[in-house]
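Chain residues, written in single-letter form:
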Amino acid sequence: MKELIKVDEKKYAEALVLDNTSILPGQEGTIRLGVGRLPSDNRLYIFAHVYRSLKPGPTVLMIGGVHGDEVNGVMITRNMIEEKVFEKLDRGTVISVPLLNVYGFINFSREVPDGKDINRSFPGTMAGSLAARVARTLTKKVLPHVDCILDFHTGGSSRFNYPQIRYSKKDKIAEQLALAFGAPYTIQKPIIPKSLRKVASDMGLPTIVYEAGESVRLDGYSIAKGMQGTKQVLQSLGMLNDANLSRSNKTILFSKTGWIRANFSGIFVWSKQSGHKVTKGEPIGQIKDPFGMKTVTVHAVREGYIIGHNNASVVNQGDALFHVGYDYEDIAI
Ligand SMILES: [Zn+2]
């Protein structure tokens, strides 16, 4: 079988050095990467867990909590540490960062305390804002060691995403990783400027982004699918052999997505939700004025699948209500 990611065996035999900590093949370690200090003098760190098999193989970065309130990704990443999944690697290295944005996490916020979004601050600079410094630390200290990235997110501001992998269709290795993940939905999405995916792409690192559930809220299905998909990716790279893994053997691949927006302001009640298939013209929700005078029906504009929906109870005209995937094909894995 042709290797998806080429491994430099000589380089693998060397110690992986993060900050001043060296980790040799066959070893594991937990490292705190210093980022800076807050006005309160509290120090900010990025915790990275490193697991190295003796046998040479790819180095995979698994990262959660780039947005601090997106807890499903943090759960997926930390659960796999607790389950000791990476202690059984057949080959290669996993670097796991369960929670990049520690301060967003304790403040139920997507951003860091100065109001900036880390995922719009890459590649970052140590002379910049806190978000720029977190981004720079990851870019400079971690990314040079890795071969590919799995980045875990959820929908933001009350938007629920059905478990889905996003990747750039220009990146053929990312496409293979995306399909190996076997999420219910797989979506070709252009790269957002200044995102982790952008800096990774510039460094030649295939990256897939898992989007599942909603910020602040835990979703068991999203977490289970994220863990299953990660194991399938590691299996596809020959890094993990879990005979007990119940594999996903299909995904729906979308090459186009679009938003259905509110054409009226009021109380929003959806009748179809993420994961549902819709047909052209089908009623999928209603917007009601608060005084019992008017109800407006929301319709699907084309045939497709709802890949995300808005759980907000009150919406303004123009707000995004449903994210729908079009131009799809069923793919067997
Ligand atoms: Zn996010």
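The rules behind these values
Residues numbered from 1 in each chain as written. Predicted model: local features only at pLDDT ≥ 70, side-chain atom pairs only at ≥ 80, totals over all residues. Heavy atoms only, no water. 1 Å grid on protein atoms, 1.4 Å probe; cavity = no way out; pocket = protein on both sides within 12 Å on 5 of 7 lines; lining within 4 Å. Points joined across faces, edges and corners; volume = space filled by probe spheres on them. Helix = DSSP H or I, 4+ residues; strand = E, 2+ residues; numbered from the N terminus. Nonpolar A, V, L, I, M, F, W, Y, C, P; charged D, E, K, R; others polar. Axes fitted to C-alpha atoms, helices over the stretch in contact; angles between N-to-C directions. Parallel < 35°, antiparallel > 145°, perpendicular 65-115°, else oblique. Left-handed = near helix turned anticlockwise from the far one by under 90°. Contact = heavy atoms within 4.5 Å. Expected span 1.5 Å × (residues − 1). Buried < 20%, exposed > 50% of the residue type's maximum accessible area, 1.4 Å probe, protein only. Pairing = 2+ DSSP bridges. Donors = N, O, S within 2.8 Å, 3.2 Å for Na, K, Ca; no water. Tetrahedral: all angles 85-135°; square planar, octahedral: opposite > 155°, others 65-115°.

A. Molecular detail of empty space enclosed by the protein. Following the criterion strictly, the structure yields 1 cavity of 30 Å³ or more and no others. If you add up the space inside the largest cavity, you get close to 50 Å³. For the largest cavity, the full set of lining residues is Leu44, Tyr45, Ile46, Leu100, Asn101, Val102, Tyr103, Val112, Pro113, Ile118, Leu130 and Val134. Of all the elements in the fold, those that place two or more residues in the lining of the largest cavity are β4 (43-52), α3 (102-106) and α4 (130-142). No other element matches the 3 residues that β4 contributes to the lining of the largest cavity. Each residue belonging to the lining of the largest cavity can be placed in one class, and the counts come to 11 nonpolar, 1 polar and no charged.

B. The arrangement of the layout of surface pockets in detail. Of the voids in this model, the largest pocket is the one considered here, and its volume is about 490 Å³. The wall of the largest pocket is formed by 23 residues, among which Arg110, Arg120, Arg166, Ile192 and Glu211 lie closest to the centre. Here the lining of the largest pocket gets 4 residues from one element, more than from any other, and that element is strand β7 (residues 148-155). Along the lines of polarity and charge, the residues of the lining of the largest pocket split into 5 nonpolar, 9 polar and 9 charged. Its boundaries defined by the atoms lining it, the second largest pocket holds a volume of some 260 Å³. For the lining of the second largest pocket, the secondary-structure elements that each account for two or more residues are α1 (9-13) and β1 (16-18). Partitioned by chemical class, the residues of the lining of the second largest pocket number 8 nonpolar, 3 polar and 6 charged.

C. Inspection of the packing of helix α5 (residues 172-181) against helix α7 (residues 220-236) at higher detail. One way to put it is that α5 packs onto α7 with a least axis distance of 7 Å and a crossing angle of 130 degrees. With respect to α7, the element α5 is oriented oblique. Here α5 runs over α7; the crossing is right-handed. Only Lys225, Gly226, Gly229, Thr230, Gln232, Val233 and Ser236 of α7 make contact with α5, whose side of the interface consists of Leu177, Ala180 and Phe181. By residue class, the composition of the contact of α5 with α7 is 4 nonpolar, 5 polar and 1 charged.

D. Local environment of helix α2 (residues 71-82). For α2, with 12 residues, the first-to-last C-alpha span of 16 Å sits near the 16 Å given by 1.5 Å per residue. Counted residue by residue, α2 has 9 buried out of 12 residues, so it is predominantly covered. Val71, Asn72, Gly73, Val74, Ile76, Thr77, Asn79, Met80 and Ile81 are the residues of α2 that are buried. Lysine 84 occupies a position one or two residues after α2 and carries a positive phi of about 60 degrees.

E. Expanded view of the sheet that holds strand β17 (residues 314-315). Pairing in this open sheet of 4 strands is antiparallel, and the strands run β15-β14-β12-β17 from one edge to the other. Each edge of the open sheet carries a strand with a single partner, namely β15 (295-299) and β17.

F. A look at the coordination of the zinc ion. Taken together, His67 (ND1), Glu70 (OE), Glu70 (OE) and His153 (ND1) make up the full set of protein donors to the zinc ion, lying 2.0 to 2.4 Å away. Between the 4 donor atoms coordinating the zinc ion, the angles at the centre fall across 57 to 150 degrees, so the site counts as irregular. Overall, the relative accessible area of 1% leaves glutamate 70 in the buried class.

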